[in-house]
Amino acid sequence: MSFPRPLLCIAGPTASGKSAVAYALARRWATDVIIADSRQLYRGMPIGTDQPPPEWQAAVTHHLLGVAAPDDPWNAGRFCRAAEPVIAGLHRQGRIPIIVGGTGLYLRALLYGLTPGPPADPAIRRELAERIAREGLAALHAWLTRVDPSSAAAIAPADEPKIIRALEFYLSTGKPRSAWHAEHGFRTARYDHLLIGLRLPRAVLHRRIELRVAAMAARGLAEEVRGLWTAGYDERHQAMRGLGYRQLLRAFRGECSTDEAIGETIRETKRYAKRQMTWFRGQPDLQWLDVTGEEPPGAAAEAIDRMARQRWAECAIIACANGPTTH
């Protein structure tokens, strides 16, 4: 008798409480968490990327957390290659892996595979880099908006690698990257997965973002960024283009005050959360779980537990079949 390979994914916008819910559920199921976050995988950046606190990491194993140096570029393909052996190992142990993160591309690549596309073209990349030097990155994002509005809507105006890659698709093939995605279809799942998205009222989410960024500042975000900057890391490195990091680098150069950098981080984080919601709304197999933002993480974990029991009722591997457990 064969059984599916269950995979639980918890998604949603930044500050929606994904990590706390995943931690509560991992404790309940006695399983591990795999981080699907393109920022939390970097070392030396626990505050600005809001990595799970040390006490959570001591109680539940979190994979792909702080595994890369800030100058080590990662992408969806590399994430999948790192996550798949961990998933296979947990399945062999009879446990359901919990994938948590807000990087939609990582989740989609893991669940459905990568979109086929052209290889990197050094000549095109040099041309695009020269245009950025002459015209600025905003001009290239505006160009992408004209030729591939769907891709541009999901890419932050400051995300140079993604802008370059999307334009590289278009220039190499004459076809927008979003058209490649549509042709791929992402219809054949690689795992029997349950994808849950946490959804909060917009005003509540915005308030949580404000409180979280303020807490990061109080915990020493500026000192964390300055330490990385002093060590030689700056916007040339993918990790340092994240929210909070690029804003504070501007402050250190005298282009704005630290308070202005924190305020800009809050505004940009709200915009990022909106882009995340746009991405996740386009994921047809995502099931939304509405939360108020006030209830304890265990309440959402209990709701997801019930959804998983219904989904995998006949699956012998389901970890929660014998009731709640703890490490």
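Preceding this section is the structure that the text describes.
Quantities reported herein were computed from a predicted structural model and do not represent experimental measurements.

**Overview of the overall build of the chain**
Piece 1. A count of helical and extended segments in the chain gives 14 helices and 6 strands.
Piece 2. Along the first, second and third principal axes, the C-alpha set of the chain runs to 60 × 45 × 35 Å.
Piece 3. Split into buried and exposed, the 327 residues of the chain put 51% on the buried side.
Piece 4. Surface summary for the chain: the accessible area is close to 14900 Å², and the carbon and sulfur share equals 52%.

**Focus on helix H8 (residues 160–173)**
Piece 1. Taking 1.5 Å per residue, 14 residues should reach 20 Å; H8 reaches 20 Å between its end C-alpha atoms and fits that length.
Piece 2. Those residues of H8 lying buried are Ile163, Ile164, Arg165, Ala166, Leu167, Glu168 and Phe169.

**Describing the side chain of Thr14**
Piece 1. Positionally, Thr14 belongs in the loop between strand E1 (6–11) and helix H1 (18–29).
Piece 2. With relative accessibility at 9%, the residue Thr14 sits in the buried group.
Piece 3. Residues contacting Thr14, with those up to four places away along its chain left out, are Leu205, Ile209, Arg212, Thr269, Tyr272, Ala273 and Gln276.

**Digging into the packing of helix H3 (residues 76–92) against helix H4 (residues 104–112)**
Piece 1. It is the contact of H3 with H4, at a shortest axis distance of 9 Å, that shows an interaxial angle of 55°. Classified by the angle their axes make, H3 and H4 are oblique. When the axes of H3 and H4 are compared, the crossing they make is right-handed. Where H3 abuts H4, its residues Ala76, Phe79, Cys80, Ala83, Glu84 and Ile87 lie against Leu105, Tyr106, Ala109 and Leu110.
Piece 2. Tallied by class, the residues present in the contact of H3 with H4 amount to 9 nonpolar, no polar and 1 charged.

**Observations regarding the environment of His91**
Piece 1. Examined against the element boundaries, His91 turns out to sit in helix H3.
Piece 2. On the basis of relative accessible area, His91 is assigned to the buried category, the value being 14%.
Piece 3. C-alpha separation for the pair His91 and Ala179, spaced 88 residues apart in sequence, amounts to 35 Å.
Piece 4. In this structure the side chain of His91 is engaged in a polar contact, spanning 2.6 Å, whose partner is the backbone oxygen of Pro6.

**So, the side chain of His237**
Piece 1. Tracing the sequence through the fold places His237 in the loop between helix H11 (221–230) and helix H12 (245–252).
Piece 2. Looking at His237, the relative accessible area reads 16%, which means it is buried.
Piece 3. Here His237 is in contact with Pro70, Asp71 and Gly232, once residues within four sequence places are set aside.

**Regarding the sheet that holds strand E4 (residues 98–100)**
Piece 1. Across the sheet, which stays open at both edges, the 6 strands sit in the order E3-E2-E4-E1-E5-E6 with parallel pairing between neighbours. For this open sheet the edge positions go to strand E3 (62–63) and strand E6 (286–290), each flanked by a neighbour on one side alone.
Piece 2. Relative to strand E5 (residues 192–199), E1 is paired through 6 bridges, and the arrangement is parallel. Note on E5: the bridge partner recorded for Leu7 is His193.
Piece 3. Together, E1, E4 and E5 form the strand contacts of H4, whose direction differs from that of E1 by roughly 165°.
Piece 4. Against the sheet, helix H13 (residues 258–281) engages E1, E5 and E6, with an angle of about 130° to E6.

**Here we look at the packing of aromatic side chains**
Piece 1. Tallied over the full model, the rule gives 3 aromatic pairs.
Piece 2. On the numbers, 4.8 Å between centres and 15° between planes, the contact of Phe79 with Tyr106 is stacked. In this pair, Phe79 is assigned in helix H3 and Tyr106 in helix H4, connecting sequence segments 27 residues apart. The exposure classification of Phe79 matches that of Tyr106, with both residues buried.
Piece 3. Centroid distance Trp229 to Phe252: 5.6 Å. Interplanar angle 25°. Geometry classified as stacked.

**Thoughts on the pattern of salt bridges**
Piece 1. Tallied over the full model, the rule gives 22 salt bridges.
Piece 2. Taking the shortest distance from any N to any O, the salt bridge between Glu255 and Arg250 comes out at 3.4 Å.
Piece 3. Given a relative accessible area of 48%, Glu255 falls into the partly exposed group.
Piece 4. A cluster of three or more residues bridged by salt bridges with shared partners is formed by Arg28, Glu302, Asp305, Arg306 and Arg309.

**A short note on unusual backbone geometry**
Piece 1. Although it is not a glycine, Asp50 sits at a positive phi angle of roughly 55°.
Piece 2. Within the fold, Asp50 resides in the loop between strand E2 (33–35) and helix H2 (54–59).
Piece 3. For Asp50, a relative accessible area of 25% corresponds to the partly exposed category.
Piece 4. For Leu64, which is not glycine, the phi dihedral falls at a positive 60°.
Piece 5. Mapped onto the elements of the fold, Leu64 is located in the loop between E3 and H3.

**Some remarks on the pairing of E1**
Piece 1. In terms of residue burial, E1 counts as a mostly covered element, since 6 of its 6 residues are buried.
Piece 2. Neither face of E1 is open: one carries Pro6, Leu8 and Ile10, the other Leu7, Cys9 and Ala11, and all of them are buried.
Piece 3. Taken together, the 3 bridges between E1 and E4 define a ladder with parallel strand orientation. Counted as the bridge partner of Cys9 is Ile99 from E4.

What counts, and where the lines are drawn
Residues numbered from 1 in each chain as written. Predicted model: local features only at pLDDT ≥ 70, side-chain atom pairs only at ≥ 80, totals over all residues. Heavy atoms only, no water. Helix = DSSP H or I, 4+ residues; strand = E, 2+ residues; numbered from the N terminus. Buried < 20%, exposed > 50% of the residue type's maximum accessible area, 1.4 Å probe, protein only. Areas by Shrake-Rupley, 256 points an atom, 1.4 Å probe, with all protein chains shown as cover. Expected span 1.5 Å × (residues − 1). Contact = heavy atoms within 4.5 Å. Axes fitted to C-alpha atoms, helices over the stretch in contact; angles between N-to-C directions. Parallel < 35°, antiparallel > 145°, perpendicular 65-115°, else oblique. Left-handed = near helix turned anticlockwise from the far one by under 90°. Nonpolar A, V, L, I, M, F, W, Y, C, P; charged D, E, K, R; others polar. Polar contact = N/O pair within 3.5 Å; in protein donor to acceptor, adjacent residues only side chain to side chain. Pairing = 2+ DSSP bridges. Phe/Tyr/Trp six-rings, centres within 6.5 Å; stacked < 30°, edge-to-face > 60°. Salt bridge = Lys/Arg side-chain N within 4 Å of Asp/Glu carboxyl O.

Worth remembering: the numbers are spatial, not functional.
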